[in-house]
Amino acid sequence: MKKITNLIHALGIHATYRGYHYLCYALQLCLEDENYILFVWKWLYNDIAAHYGKSRSSVEHALRTVVAACWNYGNRNLLHKIAGYQLEQCPTVGEFISILVHYLESQEED
């Protein structure tokens, strides 16, 4: 969990965003089962919503907000670095989570 929060903070996403907690939980779920990345709307948002007692659409909105915050105000250079390529536009929530999960998995291998 510490690696997840350190990465999210380094990207410029802080706990003042509701989506911060959803993103932490999403990354935990995806690290446990990569199928969540394939079914973001169907499984991931549903499980996060159930865990926090929120609606799936409010989870989606909060996650889009933190991705946009990272892109617009956060450490975009770090995001490009961990993605391994130059992103031309703000990633979708699914792409963003996929990038972070891949990076966190690669860090575990070191």
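First things first, this report covers the structure right here in the doc. What you are looking at is a predicted structure, and each value in this text was computed from that prediction instead of being measured.

Moving on, we come to the packing of aromatic side chains. Under the counting rule described, the total for this entry stands at 5 aromatic pairs. Ring plane angle 80° and centroid distance 6.4 Å describe the contact between Y36 and W43, whose orientation is recorded as edge-to-face. The class of W43 is partly exposed, set by a relative accessible area of 37%. Feature note: the residues Y22, Y25 and Y52 constitute an aromatic cluster, connected by ring pairs.

Let us now look at the packing of helix α2 (residues 18-32) against helix α4 (residues 40-52). Taken N-terminus to C-terminus, the directions of α2 and α4 make an angle of 125°; their axes are 10 Å apart at the nearest point. Judged by the inter-axis angle, α2 sits oblique to α4. Two packed elements cross with a definite hand, and for α2 against α4 that hand is right-handed. In contact with H21, Y22, Y25, A26, L29 and C30 of α2, α4 contributes L44, D47, I48, H51 and Y52. Partitioned by chemical class, the residues of the contact of α2 with α4 number 8 nonpolar, 2 polar and 1 charged.

Procedures and definitions
- Here the residue index of a chain counts from 1 through its sequence in written order.
- This being a predicted model, a pLDDT of at least 70 is required before a residue's local features are given, and a value of 80 or more before pairs of side-chain atoms are given or counted; all residues contribute to the totals for chains, interfaces and linings.
- Side-chain metrics rest on all non-hydrogen atoms present in the structure, leaving aside hydrogens and water.
- In this analysis, rings of Phe, Tyr and Trp, with Trp reduced to its six-membered ring, are considered paired at centre separations within 6.5 Å, and the interplanar angle assigns stacked below 30 degrees, edge-to-face beyond 60, and tilted for intermediate values.
- Residue burial is assigned from relative accessible area. The probe radius is 1.4 Å, only protein chains are included, and a residue is buried under 20% of its type maximum, exposed over 50%, and partly exposed in between.
- Note on definitions: angles span 0 to 180 degrees between N-to-C directions of axes, and those axes are lines fitted to C-alpha atoms, for helices only across the stretch in contact.
- Only DSSP runs of H or I covering at least 4 residues are called helices, and only runs of E covering at least 2 are called strands; the numbering of each starts at the N terminus.
- Working definition: roughly parallel below 35 degrees, roughly antiparallel above 145 degrees, roughly perpendicular at 65 to 115 degrees, and oblique for all remaining angles.
- Handedness of each helix crossing follows the sense of rotation of the near helix against the far helix: counterclockwise by less than a right angle gives left-handed, clockwise gives right-handed.
- Residue contacts follow a heavy-atom distance rule, with two residues in contact if any of their heavy atoms lie within 4.5 Å.
- Throughout this entry, Asp, Glu, Lys and Arg are counted as charged residues, while Ala, Val, Leu, Ile, Met, Phe, Trp, Tyr, Cys and Pro are counted as nonpolar. The remaining residues, Gly among them, count as polar.

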